[in-house]
Amino acid sequence: MRTLVFIVLVYVVFQIIFLSSSQCAKLSSNDDNLIEQTCKKTPNYRLCISSLKSDPKSATADVTGLALIMVKVLNTTATRTLIRINSLLHHSPSPKIKKALLSCADMYYNGIITADVPVSKEALTKGDPKFADDSTLDAAKEATLCEEGFSGNSPLTVDNTNVNNVARVTEAIVKLLL
Ligand SMILES: *[C@@H]1O[C@H](CO)[C@@H](O)[C@H](O)[C@H]1NC(C)=O
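Predicted model, so just to flag it, every value in this text is computed and none were measured.

Q: How should the side chain of S51 be read in this particular structure?
A: By the secondary structure assignment, S51 is in helix α2 (residues 45-53). At 2.7 Å, the side chain of S51 and the backbone oxygen of L47 are in polar contact. In contact with S51, other than residues within four places in its own chain, are I69, M70 and V73.

Q: Looking at this model, I keep getting lost on the environment of A143. Mind explaining?
A: Tracing the backbone shows A143 in helix α5 (residues 129-148). Owing to a relative accessible area of 0%, A143 belongs among the buried residues under this scheme. Considered as a pair, A143 and T81 are 62 residues apart in the sequence and their alpha carbons are 9.9 Å apart. Beyond its immediate sequence surroundings of up to four residues, A143 is in contact with Y109, I112, N160, V163 and N164.

Q: Can you help me understand the state of the cysteines in this one?
A: Working definition of a disulfide: a covalent bond connecting the sulfur atoms of two cysteines. Under the counting rule described, the total for this entry stands at two disulfides. Paired by a disulfide, C39 and C48 hold their sulfur atoms 2.0 Å apart. Judged by the torsion about the S-S bond (-75°), the C39/C48 disulfide is left-handed. Note on accessibility: C39 and C48 belong to one class, buried. Disulfide pairing places C104 opposite C146 at an S-S distance of 2.1 Å. Classification of the bridge connecting C104 and C146 rests on its S-S torsion, roughly 100°, and on that basis the disulfide is right-handed. Here C104 is found in helix α4 (residues 95-125), whereas its partner C146 is found in helix α5, with 42 residues between them in sequence. The pair C104 / C146 is uniform in exposure class, with both members buried. The disulfide pattern of the protein is 1-2, 3-4 when the bonded cysteines are numbered in sequence order.

Q: Would you mind showing me how to read the pattern of salt bridges here?
A: Side chains bearing opposite charge may pair, as long as their charged atoms lie close to each other. Per the stated rule, a full pass over the model turns up six salt bridges. Of the charged contacts in the structure, one is a salt bridge between K175 and E171, with a shortest N-O distance of 2.8 Å. Here the residue K175 and the residue E171 both occupy positions in helix α6 (residues 157-175), the gap between them amounting to four residues, near one helical turn. The exposure class assigned to K175 is partly exposed, which follows from its relative accessible area of 44%.

Thresholds applied
- Residues numbered from 1 in each chain as written.
- Predicted model: local features only at pLDDT ≥ 70, side-chain atom pairs only at ≥ 80, totals over all residues.
- Heavy atoms only, no water.
- Helix = DSSP H or I, 4+ residues; strand = E, 2+ residues; numbered from the N terminus.
- Polar contact = N/O pair within 3.5 Å; in protein donor to acceptor, adjacent residues only side chain to side chain.
- Contact = heavy atoms within 4.5 Å.
- Buried < 20%, exposed > 50% of the residue type's maximum accessible area, 1.4 Å probe, protein only.
- Disulfide = S-S within 2.5 Å.
- Salt bridge = Lys/Arg side-chain N within 4 Å of Asp/Glu carboxyl O.

What is shown is where atoms sit, not what they do.
Take a look at the structure:
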């Protein structure tokens, strides 16, 4: 009888120690793993990691949360590009460049900031990732269309490439939810 009690006790104690240590392991490494696993499925691992880690909330986010963080990064990157476009417009560009800059601002970046980003955000929040997939893909295309408008003479190559990359990483994460 005593032996049995002892065995049960040892078993219970062992379980408690084992379970709590595995829980701890989960809490401390799961999130980093989720970020890494998710970023491995995107076309730009390094950009994905640095974008997600720029927001401390990524440490406890699920895949939807990670997608929402990328949408936020897309918003920031596109907004920064629009500010740049407006500043270039104030520095008397040539008529050709001016025309392309205006298209980028009025058509493409306006579309990303006032349509693609809010639609993606809402779709992800409401658990309807299909619309977020369409919108993030659209944002990637709009950055490319802006770039092409300069016919090889773009002052926005770095910005457009960056927005395109961020949008494609976002889209790849959204795809994991479909
Ligand atoms: C995008 O960023 C701007 C400026 O920070 C902010 O006002 C806007 O609410 C953001 N859009 C979304 C959909 O979160």
